[in-house]
Amino acid sequence: MAGFFKKLFNAITDRADVDWDELEANLIAADLGAKLGTGITDELHDLGREISADDVVNVTRKRLSKILPDDKPALAPRADGKPTVILVVGVNGTGKTTSSAKLGMWLKDRGHSVLLAAADTFRAAAVEQLQRWGDRLDIPVVTGKPESDPSSVCFNAHQRAIEEKADFLICDTAGRIHTRHNLMEELGKIRRTIAKQDPGAPHLTLLVVDASTGTNALNQAKEFHKASPLDGLILTKLDGSGKGGIAFNIYEQLGIVPRFIGTGEEPEAFSVFEKERFVSEVL
Ligand SMILES: Nc1nc2c(ncn2[C@@H]2O[C@H](COP(=O)(O)OP(=O)(O)OP(=O)(O)O)[C@@H](O)[C@H]2O)c(=O)[nH]1
Ligand SMILES: [Mg+2]
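Residues numbered from 1 in each chain as written. Chains lettered and ligands numbered in written order. Predicted model: local features only at pLDDT ≥ 70, side-chain atom pairs only at ≥ 80, totals over all residues. Heavy atoms only, no water.

Student: Honestly, helix 3 (residues 34-46) in this entry has me stumped. Any pointers?
Tutor: An α-helix turns once per 3.6 residues; consequently, residues spaced three or four apart project the same way. Taking 1.5 Å as the rise per residue, helix 3 with 13 residues should run 18 Å; its terminal C-alpha atoms sit 18 Å apart, in good agreement. Listed in full, the buried residues belonging to helix 3 are L36, G37, G39, I40, T41 and L44. Contacts from the buried residues of helix 3 go to helix 2 (20-32), helix 4 (53-67) and helix 10 (246-254). In the stretch just after helix 3, G48 is the one whose phi turns positive, near 65 degrees. (Helix = DSSP H or I, 4+ residues; strand = E, 2+ residues; numbered from the N terminus. Expected span 1.5 Å × (residues − 1). Buried < 20%, exposed > 50% of the residue type's maximum accessible area, 1.4 Å probe, protein only. Contact = heavy atoms within 4.5 Å.)

Here it is in structure tokens:
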């Protein structure tokens, strides 16, 4: 049983009266946010009878699956044969580089051709890290010189993706650049540069959030969404203390849908987000 439900069970079993405040606090602590936490508690209260652990689980699951929209169709190459450009963004350490590589492999496993761009040129180690992933997964990686302009790396990678008729180009970006303001400026520049060779690009901007960081992830989503419109989330580290509740909170507040989940450091520990499965298994 996931930690999230265990906590809920503990809050209501072995006692005659439900401590509603504690139950609500637990739901909110599971990163579901105040609105959802209160909504679930109210619904349980309105049952007007003694509630069981099953009631809590059922009401919570039902609510949660109602919140998210139905799953998005899987990524498919474009009909015109031009590359789909995916920009992977997020604060440092959330799992951008790992997720870029995993997503590359996920696409490759489905028969699509993929190119990776190492656009985190601020740290030499970041370029090497992606290069190692590329070698391991047999996916070409476009790199620039250390401290070169990340936008130019993306431009060159995009050019190559177009020339080679790659189905997907995944751009791994930096998570830390002097200040958050500079980071957002840099992302804006990358977006404008990518759009030069294809006005519709980037076609998908995915924010990587570490599920164990709770409400910080919501703040990150707000900040990035303002600077660089987000099309979806990659929710990482769900194998750790991350409860995943934050995904519902982010969707409720910003309308950003989870698209992929990361459940470990290995490339296989990655899958497409499936609502029902997520609600019943991960949370
Ligand atoms: N357990 C677990 N670890 C993960 C997952 N995703 C990434 N990691 C680990 O998290 C650490 C950071 O991952 P990176 O991919 O380097 O993160 P990043 O966002 O690129 O970091 P910066 O480039 O420094 O901003 C690495 O040790 C990864 O192996 C996951 O889903 N589960
Ligand atoms: Mg990185």
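The discussion continues.
Student: Is there a simple way to think about the site of ligand 1 in this case?
Tutor: In the vicinity of ligand 1, 20 residues are found, and the nearest of them are K96, T97, T98, D239 and E265. Take T97: an N or O atom from its side chain is 2.8 Å from an oxygen atom of ligand 1. At 2.9 Å, a backbone N or O of K237 approaches an oxygen atom of ligand 1. With the chains in place, 80% of the 650 Å² that ligand 1 exposes on its own is no longer accessible. (Near = heavy atom within 4 Å. Polar contact = N/O pair within 3.5 Å; in protein donor to acceptor, adjacent residues only side chain to side chain. Areas by Shrake-Rupley, 256 points an atom, 1.4 Å probe, with all protein chains shown as cover.)

Student: Looking at this structure, I do not really get the domain arrangement of the chain. What am I missing?
Tutor: A common way to state how big an interface is: give the accessible area lost once the parts meet. Under the domain assignment, the chain is made up of domain 1 (3-67) and domain 2 (84-282). Taken over C-alpha atoms, the centre of domain 1 sits 34 Å from the centre of domain 2. The interface is formed by 13 residues belonging to domain 1 together with 14 residues belonging to domain 2. The contact between domain 1 and domain 2 buries some 1,200 Å² in all, and 59% of this surface belongs to carbon and sulfur atoms. When the buried surface of domain 1 facing domain 2 is broken down by residue, D31, S65 and I67 rank first, second and third, together holding 46% of it. Where domain 1 packs against domain 2, one counts three residue pairs in polar contact (both at pLDDT 80 or more). (Domains from an automatic or database assignment. Buried area = accessible area lost by both parts, 1.4 Å probe.)

Student: Looking at this structure, how should I read the packing of helix 8 (residues 180-195) against helix 9 (residues 215-227)?
Tutor: Packed helices, taken two at a time, are described by the angle between their axes plus the distance between the axes. Contact geometry for helix 8 and helix 9: axes closest at 9 Å, N-to-C directions at 45 degrees. For the element pair helix 8 / helix 9, the angle class is oblique. Here the hand of the crossing between helix 8 and helix 9 comes out right-handed. Taken together, the residues of helix 9 that come into contact with helix 8 (itself represented by R180, L183, M184 and L187) are E223, F224 and A227. (Axes fitted to C-alpha atoms, helices over the stretch in contact; angles between N-to-C directions. Parallel < 35°, antiparallel > 145°, perpendicular 65-115°, else oblique. Left-handed = near helix turned anticlockwise from the far one by under 90°.)

Student: Help me understand helix 8 in this model?
Tutor: With 16 residues, helix 8 should reach 22 Å at 1.5 Å per residue; the first-to-last C-alpha distance of 23 Å fits that figure. Taken as a whole, helix 8 has its buried residues at L183, M184, E186, L187, G188, I190, R191, T193 and I194. Along its buried surface, helix 8 packs onto strand 1 (84-89), helix 7 (150-163), strand 4 (168-172), strand 5 (204-210) and helix 9.

Student: Where do I start with the pattern of salt bridges in this structure?
Tutor: Summed over all chains, the structure comprises 13 salt bridges. Here E266 makes a salt bridge to R136, at a shortest N to O gap of 2.6 Å. Here E266, found in the loop between strand 7 (258-262) and strand 8 (270-272), pairs with R136, found in helix 6 (residues 124-137); they are 130 residues apart in sequence, far enough to count as distant. Residue R160 is joined to E164 by a salt bridge in which the shortest nitrogen-to-oxygen separation is 2.8 Å. Classification of R160 by relative accessible area gives partly exposed; the value is 29%. With a relative accessible area of 45%, E164 lands in the partly exposed category. Each member of the salt-bridge network shares a partner with another, and the members are E43, K62 and R63. (Salt bridge = Lys/Arg side-chain N within 4 Å of Asp/Glu carboxyl O.)

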